[in-house]
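# Fold and geometry: a report
Spelled out from the first residue to the last, the chains are:
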Amino acid sequence: MLPAITGLSADALVGWLQSAGQPAFRAQQIFEWVWKKQVRSFDEMANLPKALREQLAQAFRITSLDHSQTQGAADTTRKFLFRLHDGRYVESVLIPANPALYGQASDRLTLCVSSQVGCAYGCKFCASGLAGFTRHLDASEIAGQVLAAEQLSGQRVDSLVFMGMGEPLANLDQLLVAISLITHEQSLHLGARHLTISTSGLVPQIRQLAEHPQQIRLAISLHGATDEVREQIMPINRKWPVAELFAALEYWNARKKQKLTLEYILIEGVNDALEQAEILAKRAQKIQAKVNLIPYNKVDGLSWKRPSDNRCKAFREVLRRSGITANLRLEKGHDIDAACGQLRLKQETHEGIIAAPAKQSS
Ligand code: SF4
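These numbers come from a predicted model, not from an experiment.

### Describing the overall build of the chain
Across its full length, the chain carries ten helices and 14 strands. In the chain, which comprises 362 residues, the share counted as buried stands at 48%. Across the chain, the fraction of contacts at a sequence separation of at least 24, relative to all contacts at a separation of at least 6, is 68%.

This is how it looks when you write it as structure tokens:
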């Protein structure tokens, strides 16, 4: 299988052109055709010599993903299913108005992007954790989701949340190549501050990303303010307990401008005690983080329940009284299983149902 041209950085494309005996300035033209004009074949690259178009077609695929299916919700949230070259599937969700979850403006068109096929981290609320890990996506498959979503919707995507299927920080190398492609001024030119990576709490990678020069935002799937509670929901907490996680977040804070976000799925009788809210408030204060409270969404196969509205509001009020910015999330996309924790691949094939793990909010 040929590599996809959407996985080549500008420098890599220049290198390939030089090895192919072509001038370096063609890289800018090719980048524009691929990312800005979003053509679907090399033949459409009208200002390239025919010989170069043929060389490109012999060396690369133009896309890394084949669109398989779109589901649209009543509120116009759309879920795209993509088939990868090896027959695996991933999903991306286009969300028309993200209610200021990650410090981004609420009128933005946001794409929720997958970073892996499946996930190894097994967070208990997450549909992705149910089927285990299959493989990492490469940079062309990550960045290609954005390109494909723009092509399919006919709209410009304004912001990204890396909280589709997979733990993005477990695939950090390819994620950073994809981000360099997405933010490049000759490609989609998305500002890094409009990109949010959501992690279950991979401490070494948080520290590594803190050194990255771009002002990417970070959100943490916390879901418990103490080890005892968090461990019931997040197996990763046994490896990197709350104290180590927050030490890494303080390290991040010292190097980055944007506020951190703590995601907290409220689960009845598991983590919704007001004592947890008090501890959470102190932790959030220390790192000046805001908190997104997400009433639990039912996932098939899991028995947990969403707390009452009154309990969710009481939890939020404890945070607000401590001066924490706390949002109680109004989910979009319930009717297509694309809300937080519900993103799970279901594709009917001759073999039955493929159910690869999708993710929620790592
Ligand atoms: S929440 Fe993220 S890290 Fe946890 S299982 Fe789901 S995809 Fe993996």
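The structure having been displayed, the exposition proceeds.
### Describing the packing of helix 9 (residues 274-286) against helix 10 (residues 309-321)
Close contact between helix 9 and helix 10 brings their axes to 9 Å; oriented N to C, the two are set at 30°. Here helix 9 is positioned roughly parallel relative to helix 10, judged by the angle of their axes. Relative to helix 10, the crossing made by helix 9 is right-handed. Taken together, the residues of helix 10 that come into contact with helix 9 (itself represented by L274, A277, E278, L280 and A281) are A314, F315, V318 and L319.

### A word on the confidence of the model for the chain
For the chain, the average pLDDT comes to 87, and 86% of its residues sit at 70 or higher. At the low end of the mean pLDDT range in the chain sits strand 14 (residues 352-354), at 27; at the high end sits helix 9, at 98. This stretch, residues 344-361, has a pLDDT under 50; its non-local contacts, to residues over four places away or in other chains, come to 63 contacts.

### Looking at the pairing of strand 2 (residues 78-83)
Alignment of strand 1 (residues 66-72) against strand 2, held across six bridges, turns out to be antiparallel. When the sheet's bridge partners are listed, Q71 is paired in strand 2 with K79. Alignment of strand 2 against strand 3 (residues 89-95), held across six bridges, turns out to be antiparallel. By the bridge assignment for strand 3, K79 is matched with V93.

### Thoughts on helix 8 (residues 242-255)
Taking 1.5 Å of rise per residue, 14 residues should cover 20 Å, and helix 8 covers 20 Å from first to last C-alpha, within 8% of that figure. Here helix 8 has its buried residues at V242, L245, F246, A248 and L249. All buried residues of helix 8 fall inside an arc of 155° around its axis, so they share one side. Opposite the packed face of helix 8, turned more than 90 degrees from it, sit the exposed residues A243, A254 and R255.

### A closer look at unusual backbone geometry
Glycine aside, residues mostly have negative phi, and peptide bonds are mostly found in the trans state. A positive phi is found at Q38, a non-glycine position, where the angle reads about 55°. Examined against the element boundaries, Q38 turns out to sit in the loop between helix 2 (26-36) and helix 3 (50-59). Notably, Q288 is not glycine yet its phi reads approximately 50°, a positive angle. Locating Q288 in the fold gives a position in the loop between helix 9 and strand 11 (290-295).

### Some thoughts on the nonpolar core
Generally speaking, a soluble globular protein has its nonpolar side chains buried in company with each other. Counting residues in hydrophobic clusters, the biggest one holds 98 residues, and the most contacted among them are V146, L160, Y264, L266 and V291. Ranked by residue count, the leading element in this core is helix 4 (residues 139-153), at seven residues. Two domains share this core, each providing at least three of its residues, namely domain 1 (5-59) and domain 2 (66-354). Once you skip the residues sitting within four places of it in the chain, V291 turns out to touch L262, Y264, L280, A284, L319, I324 and A326.

### Considering the sheet that holds strand 10 (residues 261-266)
As summarised here, the arrangement of the ten strands in space is 1-2-3-4-7-8-9-10-11-12, forming an open sheet in which the pairing is mixed. Each edge of the open sheet carries a strand with a single partner, namely strand 1 and strand 12 (326-328). Each strand of the sheet is rotated relative to its neighbour by a mean of 20°, with strand direction disregarded. Bridging between strand 3 and strand 4 (residues 110-112) involves three bridges; their strand directions are antiparallel. The partner of L94 across the bridge, within strand 4, is L111.

### Regarding the environment of S41
Summarising the element assignment, S41 is placed in the loop between helix 2 and helix 3. With 16 residues separating them along the chain, S41 and A57 place their C-alpha atoms 8.3 Å apart.

### A look at the packing of helix 6 (residues 203-210) against helix 8
Helix 8 packs onto helix 6 with a crossing angle of 5° between their chain directions and a minimal axis gap of 9 Å. On the basis of their axis angle, the class for helix 6 and helix 8 is roughly parallel. Contacts between helix 6 and helix 8 pair V203, I206, R207 and A210 from the former with E244, L245, A248, L249, Y251, W252 and R255 from the latter.

### Remarks on the environment of A46
Inspection of the secondary structure puts A46 in the loop between helix 2 and helix 3. When the 10 C-beta atoms within 10 Å are taken as the criterion, A46 is described as exposed.

Cut-offs and rules
- Residues numbered from 1 in each chain as written.
- Predicted model: local features only at pLDDT ≥ 70, side-chain atom pairs only at ≥ 80, totals over all residues.
- Helix = DSSP H or I, 4+ residues; strand = E, 2+ residues; numbered from the N terminus.
- Buried ≥ 20, exposed ≤ 12 C-beta atoms within 10 Å, placed from the backbone.
- Contact = placed C-beta atoms within 7 Å.
- Axes fitted to C-alpha atoms, helices over the stretch in contact; angles between N-to-C directions.
- Parallel < 35°, antiparallel > 145°, perpendicular 65-115°, else oblique.
- Left-handed = near helix turned anticlockwise from the far one by under 90°.
- pLDDT = per-residue confidence, 0-100.
- Pairing = 2+ DSSP bridges.
- Expected span 1.5 Å × (residues − 1).
- Arc of directions from axis to C-beta.
- Core = buried A, V, L, I, M, F, W, Y, C linked by C-beta atoms within 7 Å.
- Domains from an automatic or database assignment.

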